[in-house]
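Observations on chain architecture
What follows is the residue order along each chain.
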Amino acid sequence: MKSEMEQDILKVLVTEEELKARVTEMGAELFEKFKGRNPLFLSVLKGSFVFMADLVRACQVQSEVEFIAVSSYQNSTQSSGTVQITRDLQQDITGRELIIVEDILDSGNTLAFLKDYFMSKGAKSITIVTLLDKPSRRTKAITADYSGFTVPDEFVVGYGLDFAQKYRNVPYIGVLKPEVYSNN
Ligand code: PRP
């Protein structure tokens, strides 16, 4: 018996096991780069909350965590191009080495905006970590320093990623059935 959410999933793109293995690898790579440097893991909410939780535990480096919430999609499937901060940083990031944690790099609008924003706030360095990269949709010159998986231009949900705020708790990355989002 499929769950009510699973009925809306066309196919599984990245399984739970694949996610775990890749996040473990990424954590180890970040450990090698950042040991002794007290980086600040900065999660871009909401989408990255699941990845963030797994990544910081996969990277046993002395570090701190911070959160910022932005929105550019406003329940649409197309980026509006305008990035709004809906919850700002709660600490001074002057001189900090930032590890930006994103669930997906799509058009690049969000990260282009955030890179400028964090530099203007005095960050010492910025390292971009994204779980998923969808390079076919890029309109801004942004690349990730660490990327978990390259995905095709399909509507992906799960492991933090939503459609209209739902499906974030699906434990794998799945492709949504087109009839689900075309009905909205
Ligand atoms: C998603 C995702 C990234 C952004 C990537 O956020 O979490 O932040 O879009 O897309 P881009 O490269 O085209 O800017 P969204 O605005 O959907 O908010 P959410 O994280 O709350 O789901």
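It should be emphasised that the depicted structure is a prediction, and the values quoted were computed from it without experimental measurement.

Some details on the pattern of salt bridges
The tally for this structure, following the rule as stated, stands at 14 salt bridges. In this structure, the salt-bridge partner of K134 is D153, at a minimum N-O distance of 3.8 Å. With K134 in the loop between β6 (125-133) and β7 (146-150) and D153 in the loop between β7 and β8 (156-157), the pair connects residues that are 19 residues apart, well separated along the chain. By relative accessible area, K134 is classed as buried at 5%. Using a relative accessible area of 48% as the deciding quantity, one classes D153 as partly exposed. Among the charged side chains, a network of salt bridges with common partners joins D106, K134, R137 and D153.

Brief notes about helix α2 (residues 49-58)
Along α2, the residues that are buried comprise F51, M52 and L55. Relative to the axis of α2, the buried residues are bounded by an arc of 100° and lie together on one face. Contacts from the buried residues of α2 go to α1 (16-34), β2 (40-45), β3 (64-71), β5 (97-105) and β6.

Criteria and cut-off values
Residues numbered from 1 in each chain as written. Predicted model: local features only at pLDDT ≥ 70, side-chain atom pairs only at ≥ 80, totals over all residues. Heavy atoms only, no water. Salt bridge = Lys/Arg side-chain N within 4 Å of Asp/Glu carboxyl O. Helix = DSSP H or I, 4+ residues; strand = E, 2+ residues; numbered from the N terminus. Buried < 20%, exposed > 50% of the residue type's maximum accessible area, 1.4 Å probe, protein only. Arc of directions from axis to C-beta. Contact = heavy atoms within 4.5 Å.

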